[in-house]
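# Commentary on secondary and tertiary structure
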Amino acid sequence: MNARNQELNEYVLRGQGISRTKLNVMCFIGLFIFGWLLGMAFHQMGKKTTGLCYVVPLVMLLIVSLTAPGLGFLVPVIYIFGWIHANTVLSRLQSLARQRIAEIEAIPSSDETADDLLELALLESKVLRRLDQAMSVLTRAIELPGGDPQLLNLVGDQLLAAKRFTEAKQVFERALEDAREESLVKQVKRNLKLAERRARS
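Residues numbered from 1 in each chain as written. Predicted model: local features only at pLDDT ≥ 70, side-chain atom pairs only at ≥ 80, totals over all residues. Heavy atoms only, no water.

What follows concerns the pattern of salt bridges. Close approach of charged atoms allows side chains of opposite charge to pair. With the rule as written, the count across this model stands at 10 salt bridges. Between E119 and R100 there is a salt bridge, with the nearest N and O atoms lying 2.8 Å from each other. In this pair, E119 is assigned in helix α6 (residues 114-127) and R100 in helix α5 (residues 74-105), connecting sequence segments 19 residues apart. By relative accessible area, which is 3% here, E119 ends up buried. The buried category is assigned to R100, whose relative accessible area is 11%. Two residues, E124 and R130, come together in a salt bridge whose shortest N-O distance is 2.7 Å. For E124, a relative accessible area of 4% translates into the label buried. Linked by salt bridges that have partners in common, E7, K47 and R92 make up one network. (Salt bridge = Lys/Arg side-chain N within 4 Å of Asp/Glu carboxyl O. Helix = DSSP H or I, 4+ residues; strand = E, 2+ residues; numbered from the N terminus. Buried < 20%, exposed > 50% of the residue type's maximum accessible area, 1.4 Å probe, protein only.)

At a minimum axis distance of 9 Å, the contact between helix α4 (residues 48-64) and α5 shows a crossing angle of 170°. Put simply, α4 runs roughly antiparallel to α5. Contacts between α4 and α5 involve T50, Y54, L58, L61 and L62 from the first element and L74, V75, I78, Y79, F81, G82 and H85 from the second. The residue inventory of the contact of α4 with α5, partitioned by class, reads nine nonpolar, three polar and no charged. (Axes fitted to C-alpha atoms, helices over the stretch in contact; angles between N-to-C directions. Parallel < 35°, antiparallel > 145°, perpendicular 65-115°, else oblique. Contact = heavy atoms within 4.5 Å. Nonpolar A, V, L, I, M, F, W, Y, C, P; charged D, E, K, R; others polar.)

So, on to unusual backbone geometry. In the Ramachandran plot, R129 falls in the positive-phi region, its phi being about 60° despite a non-glycine side chain. Here R129 shows up in the loop between α6 and α7 (131-142). Phi at K163 takes a positive value of approximately 65°, unusual for a residue other than glycine. Its location among the elements puts K163 in the loop between α8 (149-161) and α9 (165-178). Its relative accessible area of 63% is what places K163 among the exposed residues.

And the structure:
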């Protein structure tokens, strides 16, 4: 991962990933019935704290407005501001992803590493939601030796989400070969069992 793109790295490593359509559908529904969905949208972008900074004041304002109705108008104002903020964050992340993709694609093919291609596949699938391009890159990555276990585990997650269970199983097995951190080993083993179960069904 590129150290200069810390925000993008946080999204790739810790965010669940979200499309523009899903973000706006969640926020639209939250506007009427489930306001905490705004917080969930931020959480899926790896910004749980930012989401809480909107949801907590919204809840407090709703409670206060029961006794001070004049403050009730602030609830939709703050919510809509948060909705716009979420879209701005996603746009920035997508812009950073395109810049990083251009950097990786500028690397001569003879100098490409498995980690370069795994990162590229994650950016395509998780940030830009372009699964076909991600699968094409992943095919190239698997042909190269090595690969960071954490990146392999994240790619396996994306394959599971895409219902590519056989490929996910192969990627998790490869991640397990070099994984050393106990928490990562447990996570990969759990994901591998899931992939194996889904592949058999």
